[in-house]
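Results of the structural survey
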Amino acid sequence: MSRLYDTVEPAVIDEEMLLKAVEEQGPKEEAGRIAKQEGIDFCDVVQLRLDFKNILKIDNLWQFTRLTKLQLDNNIIEKIEGLDQLVNLIWLDLSFNNIEIIEGFDKLTKLEDLTLYNNRISVIENMDALTKLHVLSVGNNNIEQLENVKYLRRFKNLQTLNLSGNEFCDDGNYKAYIVAHIPSLVYLDFRLIDESTRVAANEQYKYSIEELEADENAEERKRVSEKEKQDLFELHKSAYVENLNGPFLFDSMFFDDTEGPKLASLPGVEELLITFKEKFTEICQQLFEFGLQEHAKRKKEVSEFFECIEDAKKENKDIAAEKIDSFLAYKKKLFSEIQHMSDQKVLDSRIEEYHKEVNVIWDQLMGYELQLVDQLEETIKEFDRNMADMVSLFVENVQAQISQCRELENQHHEKLLEIAVITLEKFVKNELDDDVPDETKLLLVDKDTIQNAVSASHDLHLLKIDNREDEIITRANNWMAALMEQIHQDEEIKRNRDRICEINNLIDHLNDELDNLDLHGGL
Amino acid sequence: MSEENHTPVEDGLLEETKEDSSESKSTADVDQTPTIEEETEAELEESEDVQAMREELDKIKIEPPKIDLPVFENLDAYPLSYKENDNKETLVLQYAENFRRQFVHLYRDRKPLLLNPLNECGVEKFVCTTIRPTLLPYQEMYDYDGAAEFVADYITFVPLAPPIELPKTLFSPATVLAKQKGHCLEMSTLLCSLLLGAGYDAYVVSGYATKEMCLCDETREICPLMQKKKEVKKEEETKESKKYTVKPAKDLRSKFIMKQEQRKIEEQEKEREKIRKEEEEKQAELEKPPPDDLFGLRIHSWVLVLSGKREVPENFFIEPLSGGSFPTDDDNFLGIESLWNNTNYWVCMQDCSNGCKDLIFDLGDCSKWEYMFPHIEKPQLQIPEVEEDALDFDDDEDEEKEEEKHLDLPPSWVKTLCLTLREFQTRCPSGKKTLLYKRAKLEKFAEYLNKNGLVTKLSVYEDKELQQLVRIKEWYSNRLDKLQLRVHNHRKGIVTEYYASGRSRHLKEHIYKAVTPGPESERTMIFYHHARVDGLKKRDETATEMTEYFVDRDDFLYYRHVVFGKRPRKLEPAGSNPNSNPRPILKIVDRFHRNKAKPANDDVAELIFMMSEDRIQLMFHHEDTKISASTREFLKPPNANDKGSVLTMSPDMTSTFQVDPNSKQPKDLIIYQMLVNLLEREEATVNMVRDSEEEVREILSDRDHEESVSELSISVYDTERNEKAKQHRKELERLQMEEKMRREEMELDYLAPFLAQIGDPEKIVKAQAFTLKEDCLADLKHRLIDKANLIQARFEKETTELQKKQQWYQQHQVSMNKEDEEEYLNYCSEAMFRIHILELRLNRHKETAPHKYMALEQKLRTDSRLAEYF
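Residues numbered from 1 in each chain as written. Chains lettered and ligands numbered in written order. Predicted model: local features only at pLDDT ≥ 70, side-chain atom pairs only at ≥ 80, totals over all residues. Heavy atoms only, no water.

**A few points about the overall build of chain A**
Basically, it comes down to this: Per the convention used, a helix needs a DSSP run of H or I reaching at least four residues, while a strand needs a run of E reaching at least two, with both numbered from the N terminus. Residue burial is assigned from relative accessible area. The probe radius is 1.4 Å, only protein chains are included, and a residue is buried under 20% of its type maximum, exposed over 50%, and partly exposed in between. Residues count as neighbours in contact if any of their non-hydrogen atoms are within 4.5 Å of one another. Computed with the Shrake-Rupley method and a 1.4 Å probe, the accessible areas treat only the protein chains shown as cover for residues.
Helix and strand counts for chain A come out as 12 helices and 8 strands. A buried classification covers 41% of the 523 residues belonging to chain A. Sequence-distant contacts in chain A: of pairs separated by 6 or more residues, those separated by 24 or more amount to 58%. If you sum the accessible surface of chain A, you get close to 29,000 Å²; carbon and sulfur atoms cover 50% of it.

The following block contains the structure:
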């Protein structure tokens with residue numbers, strides 16, 4: 001390629017080139033005539049070939065969103081770019097170019113066949129998005145490390161691989177290494193891998209493969225457990241009780257509390273804190289479980305509601321479709337009758353009858369629709385009511401639980417205050433024998449200071465609790481409002497409008513059809 | 001009939017004397033009569049009372065009981081155990097006699113028991129020892145229904161001579177099997193033997209049954225093959241009324257009117273029901289069997305199978321004559337006198353006035369079943385175990401002691417039951433059996449008996465006299481064409497054939513009119529669709545239409561309907577190939593399932609090719625939420641059917657209706673491509689239809705051929721019937737024979753020619769012997785020398801030839817080219833090789849010749865014919 005590079009001016013992918021290519025590769029003959037007359041939109045093109053064009057930079061391909069096959073071979077491309085819009089690409093040929101780094105494939109998730117033959121690639125990398133990769137050719141490149149091939153293990157569908165002409169191919173173990181490390185492979189360097197080679201290779205690299213597999217499995221397990229955890233957390237979140245199944249809230253209360261730790265070192269406070277934490281966590285746990293329960297209930301309710309709605313819609317649709325079918329049958333019969341009719345009078349009466357029938361069916365269809373609207377409206381109302389009840393019950397319960405928390409905090413506060421006062425007295429009397437940290441000593445100056453510290457801590461705690469409560473309640477209410485809004489919008493208004501449109505469209509068509517038919521008859 | 005009248009039965013051995021006595025008795029009767037008459041004449045005028053009494057007395061006639069001696073033929077054929085009783089058997093017989101006496105004494109009004117009937121050799125045998133538990137090595141024999149059917153089929157039933165008397169003889173099951181006939185007791189003994197062998201808890205029952213049962217008259221029964229299987233009713237899933245189910249639309253009809261109508265319908269229904277019931281009753285009345293004088297007296301025997309063994313859940317009866325099984329409360333079984341198997345004999349002590357309905361089959365209960373042998377382990381009444389445990393020790397010892405005293409049953413005297421495979425497969429005597437049922441006739445045939453593989457034939461009639469055929473069902477087996485069942489409905493004239501899977505075109509069912517079996521007529525073919533590439537499930541045809549149903553096709557096609565037009569008349573001979581003049585296709589309708597991968601508006605639901613109008617109609621699928629579907633119609637361009645011509649497209653060739661008015665109209669290019677595809681598709685579809693027609697024709701011709709040949713398939717394992725295997729075996733045998741012959745020939749007499757020279761004398765004299773020896777040796781010597789000479793001659797010939805060649809070579813060496821030279825060299829080396837071989841041979845011959853000579857001399861010396869002189 002380098003000889004071309006030196007002598008010929010590099011080309012740019014511009015409209016002219018694209019149009020020419022599309023026209024050349026597009027439909028032929030009559031179809032071509034029609035296409036020309038009409039013009040081809042780039043977004044409709046499925047295949048595109050831009051080979052031997054001396055292209056330096058991949059550009060201006062963003063319109064070809066439907067493209068499945070793209071050939072850019074035998075150019076002087078140096079960097080893979082500008083392919084992000086071509087998400088439907090299955091077949092990509094970039095062979096005989098000057099590419100040095102594999103990149104820019106992040107959006108091409110459907111890619112199955114990739115050719116990078118005869119480039120300057122030194123590392124196989126950046127292809128994580130190509131999960132469906134089936135055929136890969138990276139022959140005639142500068143890949144040095146045989147270990148680099150391990151990267152290809154992640155492609156579970158990879159069956160055909162071409163690596164010939166790379167530096168590591170001189171290694172005697174090259175073939176065995178690849179066969180052993182990529183088990184899904186069927187063809188390597190255009191040759192079928194026979195069973196004996198495979199067995200021998202597996203034997204040769206038994207231990208390293210085992211190790212590799214063990215690592216991969218551990219990774220996989222970790223990933224799965226991570227995901228499970230994530231899912232669980234999502235579930236908790238949707239139940240508005242995330243992190244309540246432990247001392248998280250309690251800890252967060254003391255997290256921002258500067259005075260807290262100082263006060264904790266007062267004699268006797270530690271035990272107090274422990275019991276406080278226990279009780280508090282217990283209530284949190286209760287709240288958590290309650291939240292999950294309620295969530296399941298709500299979910300069930302919602303799914304039941306949608307199920308019923310779907311049933312009703314389907315039933316209604318079936319009835320209407322049946323009516324239409326029977327009408328179409330009638331229409332067919334009538335039309336064939338009319339076409340063989342010569343008597344103008346009878347013809348007119350038949351046409352009259354047809355129009356009447358059309359009106360009747362319009363009436364019926366509209367009737368069904370109206371009935372469905374009524375039914376849905378009623379059901380939605382009921383659902384709305386039930387959901388509101390459910391959510392308010394949930395909120396009330398949450399409030400009750402939270403108030404228990406608050407109560408606990410209050411108790412704790414009182415006890416703490418008591419201890420603080422006693423300690424202060426002792427400190428003043430110099431009876432305090434425990435060695436209290438200096439920071440705490442600073443608080444033990446006079447009664448106001450210590451009281452202020454304690455109540456500051458208390459206020460902070462209460463604030464945290466209140467915040468949490470508010471959060472739960474607002475989220476629940478918001479969810480409810482959004483749900484109802486969506487139901488009203490989708491199920492009632494949009495559906496109804498669509499259906500009315502459809503019916504009227506159909507009726508218009510039916511009327512038109514007769515007019516068109518008359519025209520034929522007249523001819 | 002009372003006990004006394006029956007005495008002759010027991011004393012079978014005394015028959016001759018009995019007969020004598022009865023004869024003498026009858027003669028005595030004859031003698032007496034005139035004397036009475038004389039008296040009456042004498043006192044003629046005495047009184048009218050006497051006269052009346054005499055008339056009364058005249059009415060009473062005594063007929064001596066006739067005892068026909070059972071014919072015992074060919075006693076030699078039977079083993080010894082048949083002809084005499086050993087000590088133990090005699091003991092058992094005495095024991096049984098004792099039991100009988102006690103029984104008669106205690107229960108004077110009971111009927112006699114069957115205990116010691118005569119066997120085929122005229123020897124008394126105890127019934128329990130007549131049972132010989134056997135498991136025959138055939139799969140069917142492992143289950144009770146198979147065994148019962150076999151007994152019913154294989155044994156021809158002989159009715160009991162007076163139907164109310166116990167038979168005097170009871171042949172062994174082995175004999176019954178061999179003779180293939182027997183009375184009910186013999187049949188149930190045989191069946192019981194087989195069932196016991198198969199592990200069932202079976203008993204022979206002696207009792208009473210209805211006439212139909214005793215005579216195996218099933219003409220009032222519905223044929224078991226016709227009984228409809230009980231359909232398992234699927235419980236309809238009751239739809240849970242969900243919380244948010246929408247309220248149904250308001251019903252605006254008058255409830256009153258609806259009620260009135262409902263009532264009317266109900267009344268009509270009732271009326272109809274009533275009429276139907278009446279008719280049914282009438283019919284039942286008509287079909288009732290005529291009243292039987294001997295009701296309740298007819299002796300019968302069947303088999304009782306108790307639950308427990310072989311996973312039998314409930315007690316039931318097996319009727320050996322028909323092979324059917326019945327519940328124990330069946331109406332046809334009127335009572336049980338006694339039952340037994342190879343372990344014990346029980347007498348029924350229960351009230352049988354209500355048939356067998358109320359009988360309890362707890363054989364351990366002495367109040368219900370009186371046993372004969374107390375020892376048998378089996379049915380003891382269940383005693384609570386706690387008490388038993390306490391007394392365990394003593395009881396055990398006591399029981400053991402007691403048991404020692406008990407008499408146990410001797411082994412069966414019957415020889416082993418055996419049945420060859422051929423006999424088993426023949427099933428019925430001579431392989432055929434005809435059964436009559438209510439309005440039906442059932443014929444059974446052994447496998448391979450009929451050339452066409454027919455095994456069962458059921459003819460159903462409309463009337464009881466079996467005159468008007470309703471339908472015929474024929475079951476086939478082992479047919480090469482896999483035909484299994486053919487049902488010919490005579491009323492509608494429809495034939496239905498059922499095939500097993502594995503035919504070349506996977507035909508499963510074929511329904512056609514018997515009158516028009518040819519192609520292009522009314523028929524339905526059902527296929528094994530999963531075996532077919534095209535997924536065809538069913539093909540319906542009438543004279544002008546064809547409908548095909550498909551399953552699981554990749555292109556989602558599930559229905560195809562073709563309308564044919566009338567064949568245009570052509571001046572062709574009538575018998576010409578129909579392919580040359582196919583029926584014109586007027587219309588093809590294809591329907592498709594929804595392909596979820598495509599949007600509904602692009603997914604064709606129905607595709608209609610209107611050939612006659614040059615139009616193509618498309619109907620697309622409904623979108624999920626839509627009630628109407630998009631349609632499109634094409635008018636075929638005028639040159640569409642000319643191959644190779646470019647299709648020109650004009651906008652008025654297509655019209656469409658789009659459900660969604662806002663959707664973008666597809667481009668002309670796409671529509672054009674659609675049209676091109678459709679035209680291609682039309683051609684393909686027409687070809688497919690033609691293929692279908694062709695297939696039907698081929699299937700029919702195949703069927704014709706198969707029907708005319710009607711070949712049966714023979715398993716490779718069937719050594720009897722498999723001709724090929726048989727031939728192969730015979731061939732092997734023949735080869736063996738030949739080998740043997742050859743070996744015999746090998747030992748030909750070397751002296752024969754020399755003996756022939758001296759005229760094959762019986763005895764060889766000394767001089768002759770010497771000359772024989774001399775001649776023989778001289779002959780050998782001569783031959784050996786000849787052989788040596790022959791080798792030498794050849795050797796010389798080769799050498800001279802070689803020399804000649806050498807000379808020739810030396811002469812022409814100059815003018816020779818490379819090839820010739822090579823040829824010469826080749827020749828030389830070959831010749832040298834041959835010469836070398838000949839030399840070797842000669843040397844070896846010289847070496848071995850004396851040995852051969854000596855060997856012959858030795859042989860002559862030891863030859864049996866000449867030995868005496870040397």
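Having seen the model, we can carry on.
**Some remarks on the overall build of chain B**
Tallying secondary structure elements over chain B gives 19 helices and 25 strands in all. Residues classed as buried in chain B amount to 37% of the 870 residues present. Sequence-distant contacts, at least 24 apart, represent 57% of the contacts inside chain B between residues at least 6 apart. When the accessible surface of chain B is summed, it comes to about 55,000 Å², and 52% of that surface belongs to carbon and sulfur atoms.

**A closer look at the side chain of serine 301 of chain B**
All names here are of chain B. Here is the rule we go by: The term polar contact refers here to a pair of N or O atoms within 3.5 Å; inside protein, the definition further demands a hydrogen-donor-capable atom paired with an acceptor-capable atom, and it admits residues adjacent in sequence only when both atoms are side-chain atoms.
Take serine 301: it is sitting in strand β4 (residues 299–306). At 2.9 Å, the side chain of serine 301 forms a polar contact with the backbone oxygen of valine 205. What serine 301 contacts, discounting residues up to four positions off in sequence, is Cys184, Leu185, Ser188, Val204, Val205 and Pro320.

**Re helix α7 (residues 248–255) of chain A**
Put simply, the test is: By construction, the arc corresponds to the directions joining the helix axis to the C-beta atoms.
When α7 of chain A is considered as a whole, its buried residues turn out to be Leu249, Phe250, Ser252 and Met253 of chain A. With its buried residues spanning 165° around the axis, α7 of chain A presents them on a single face.

**Quick look at the interface of chain A and chain B**
Note the cut-off: Buried area, as used here, totals the accessible surface that two parts lose on assembly, with accessibility defined by a 1.4 Å probe and the loss added over both. Salt bridges are defined as contacts in which a side-chain nitrogen from Lys or Arg sits within 4 Å of a carboxyl oxygen from Asp or Glu.
Tallying the contact residues gives 41 residues for chain A and 31 residues for chain B. Taken together, the two surfaces of chain A and chain B that pack against each other cover about 3,000 Å², and 57% of this comes from carbon and sulfur. Across the contact surface, chain A and chain B share 0 salt bridges. Between chain A and chain B we count 2 residue pairs in polar contact (both at pLDDT 80 or more) in total. Among the elements of the structure, α3 (29–38), α9 (269–339), α10 (344–428) and α12 (447–522) of chain A are those that each provide at least two residues to the side of chain A that touches chain B. Here the side of chain A that touches chain B gets 13 residues from one element, more than from any other, and that element is α9 of chain A.

**Regarding the UniProt feature "coiled-coil region" (unreviewed entry) in chain A**
In plain terms, the rule: UniProt positions are given in the numbering used here, feature names are shortened, and annotations may be inferred rather than shown by experiment.
According to UniProt, the positions carrying the feature "coiled-coil region" (unreviewed entry) are residues 202–229 of chain A. Within residues 202–229 of chain A, the helical portion is 96% and the strand portion 0%, while the C-alpha atoms at the span's ends are 36 Å from each other.

**Examining the pairing of strand β20 (residues 557–564) of chain B**
Residues and elements named next belong to chain B. We apply this condition: Between any two strands, pairing holds if DSSP finds at least two bridges.
Counting buried residues in β20 gives 6 out of 8 residues, a clear majority hidden from the surface. Sheet topology places strand β19 (residues 545–550) next to β20; 5 bridges connect them, and they run antiparallel. Following the sheet pairing, tyrosine 549 is matched in β20 by tyrosine 559. The antiparallel pairing of β19 with β20 creates a hairpin that spans 6 residues between the two strands, and aspartate 552 there sits at a positive phi of about 55°. Summarising the sheet, β20 and strand β21 (residues 585–592) pair through 7 bridges and their orientation is antiparallel. By the bridge assignment, valine 563 is partnered in β21 with lysine 587.

**Focus on a nonpolar patch on the surface**
Residues and elements named next belong to chain B. This is how it is decided: Nonpolar side chains (Val, Leu, Ile, Met, Phe, Trp, Tyr) within 5 Å and like charges within 9 Å form the patches, drawn only from residues with over 30% relative accessible area and no salt bridge.
On the surface, Phe833, Ile837 and Leu840 cluster together into a nonpolar patch covering about 280 Å² of accessible area. Structurally, phenylalanine 833 can be placed in helix α19 (residues 818–862). Residue class for phenylalanine 833 comes out exposed when judged on its relative accessible area of 54%.

**Considering helix α9 (residues 184–197) of chain B**
Think of an α-helix as 3.6 residues a turn; residues three or four steps apart then line up on the same face. Residue and element names in this part refer to chain B. Spelled out, the test is: A helix is expected to span 1.5 Å multiplied by its residue count minus one.
Here α9 spans 20 Å end to end across 14 residues, near enough to the 20 Å set by a 1.5 Å rise per residue. With 13 of 14 residues buried, α9 is to be regarded as a mostly interior element. Just beyond α9, the residue with positive phi is glycine 199, at close to 95°.

**Overview of the environment of aspartate 540 of chain B**
Along the polypeptide, aspartate 540 of chain B turns up in strand β18 (residues 536–541). At a separation of 2.9 Å, a polar atom in the side chain of aspartate 540 of chain B contacts the side chain of threonine 524 of chain B.

**Focus on unusual backbone geometry**
Residue and element names in this part refer to chain A. One non-glycine residue with positive phi stands out, namely asparagine 126, at about 55°. On the secondary structure map, asparagine 126 appears in the loop between β4 (113–115) and β5 (135–137). In the Ramachandran plot, asparagine 140 falls in the positive-phi region, its phi being about 50° despite a non-glycine side chain. If you trace the backbone, asparagine 140 turns up in the loop between β5 and β6 (160–162).

**Description of the packing of aromatic side chains**
Both the distance between ring centres and the angle between the ring planes are used here to describe each pair of aromatic rings. Residue and element names in this part refer to chain A. Selection criterion: For Phe, Tyr and Trp, rings pair up if their centres lie within 6.5 Å, where Trp contributes its six-membered ring, and each pair is then called stacked (planes under 30 degrees apart), edge-to-face (over 60) or tilted (otherwise).
In total, this model carries 37 aromatic pairs over all chains according to the counting rule given. For the ring pair phenylalanine 335 and tyrosine 354, a centre distance of 5.4 Å and an interplane angle of 55° mean the geometry is tilted. Here phenylalanine 335 is found in helix α9, whereas its partner tyrosine 354 is found in helix α10, with 19 residues between them in sequence. Judged by relative accessible area, phenylalanine 335 falls into the buried class, the value being 9%.

**What about the environment of valine 562 of chain B?**
Residues and elements named next belong to chain B. Tracing the chain through its elements places valine 562 in strand β20. Owing to a relative accessible area of 1%, valine 562 belongs among the buried residues under this scheme. For the pair valine 562 and isoleucine 608, spaced 46 residues apart in sequence, the C-alpha to C-alpha distance is 9.8 Å. Dropping the residues within four chain positions of it, valine 562 is found in contact with Thr544, Glu545, Met546, Ile585, Lys587, Ile588 and Val689.

**What to know about the sheet that holds β6 of chain A**
Across a sheet, strands are paired by hydrogen bonds formed along the backbone, either parallel or antiparallel in direction. Residue and element names in this part refer to chain A. Taken in spatial order, the 8 strands make up an open sheet running β1-β2-β3-β4-β5-β6-β7-β8, and their pairing is mixed. With partners counted over all chains shown, the strands left at the sheet margins are β1 (47–49) and β8 (191–192), one partner each. Judged from the 3 bridges that link them, β4 and β5 form a sheet pairing that is parallel. Residue pairing for β5: leucine 114 is matched across the bridge by leucine 136.

**Observations regarding the nonpolar core**
Applicable threshold: Side-chain atoms within 4.5 Å link the members of a nonpolar core, which is a set of buried Ala, Val, Leu, Ile, Met, Phe, Trp, Tyr and Cys residues.
Within the largest apolar cluster, 66 residues are counted, with the highest numbers of intra-cluster contacts made by Phe126, Phe150, Leu195, Val305, Trp340, Tyr345 and Leu419 of chain B. By residue number, the principal contributor to this core is α9 of chain B, which donates 9 residues. Those residues within four positions of leucine 195 of chain B in sequence are excluded, and the remaining contacts are Tyr144, Ala147, Tyr200, Ala202, Val303, Val305 and Ile318 of chain B. One finds Leu67, Ile80, Leu89 and Leu161 of chain A within the second-largest nonpolar core, a separate group that totals 61 residues.

**With respect to the state of the cysteines**
All names here are of chain A. This is how it is decided: Disulfides are defined as pairs of cysteine sulfur atoms found within 2.5 Å of each other.
Applying the stated rule across the entire model yields 0 disulfides over all chains. Here cysteine 284 is not cross-linked by a disulfide; its sulfur's nearest cysteine counterpart is in cysteine 405, at 4.8 Å. By relative accessible area, cysteine 284 is classed as buried at 1%.

**Quick look at the packing of α3 of chain A against helix α15 (residues 668–709) of chain B**
For the record, the criterion: Lines fitted to the C-alpha atoms define the axes, with helices restricted to the stretch that makes contact. Angles between their N-to-C directions range from 0 to 180 degrees. We call two directions roughly parallel when the angle between them is under 35 degrees, roughly antiparallel when it is over 145, roughly perpendicular when it lies between 65 and 115, and oblique otherwise. Note on convention: the crossing is left-handed when the near helix lies turned anticlockwise from the far helix by less than a right angle, right-handed when the turn is clockwise. Residues are grouped as follows: nonpolar covers Ala, Val, Leu, Ile, Met, Phe, Trp, Tyr, Cys and Pro; charged covers Asp, Glu, Lys and Arg; every other residue, Gly included, is treated as polar.
Close contact between α3 of chain A and α15 of chain B brings their axes to 9 Å; oriented N to C, the two are set at 165°. When the axis of α3 of chain A is compared with that of α15 of chain B, the two are roughly antiparallel. Handedness of the crossing formed by α3 of chain A with α15 of chain B: right-handed. Note on element contacts: α15 of chain B touches α3 of chain A through Asp668, Leu669 and Tyr672 of chain B, opposite Glu30, Ala31, Ile34, Ala35 and Glu38 of chain A. Broken down by class, the residue content of the contact of α3 of chain A with α15 of chain B amounts to 5 nonpolar, no polar and 3 charged.

**Points about the confidence of the model for chain B**
Residue and element names in this part refer to chain B. Test applied: The pLDDT score gives, residue by residue, the confidence of the prediction method on a 0 to 100 scale.
Put simply, chain B has an average pLDDT of 79, and 84% of its residues get 70 or more. Counting contacts from residues 1–44, a segment whose pLDDT is below 50, to residues more than four positions away or on other chains yields 26 contacts. Across residues 378–404 the pLDDT falls below 50, and counting only partners more than four positions away or on other chains, this stretch makes 12 contacts in the model. This complex was scored by the predictor with a pTM of 0.65 and an ipTM of 0.73.

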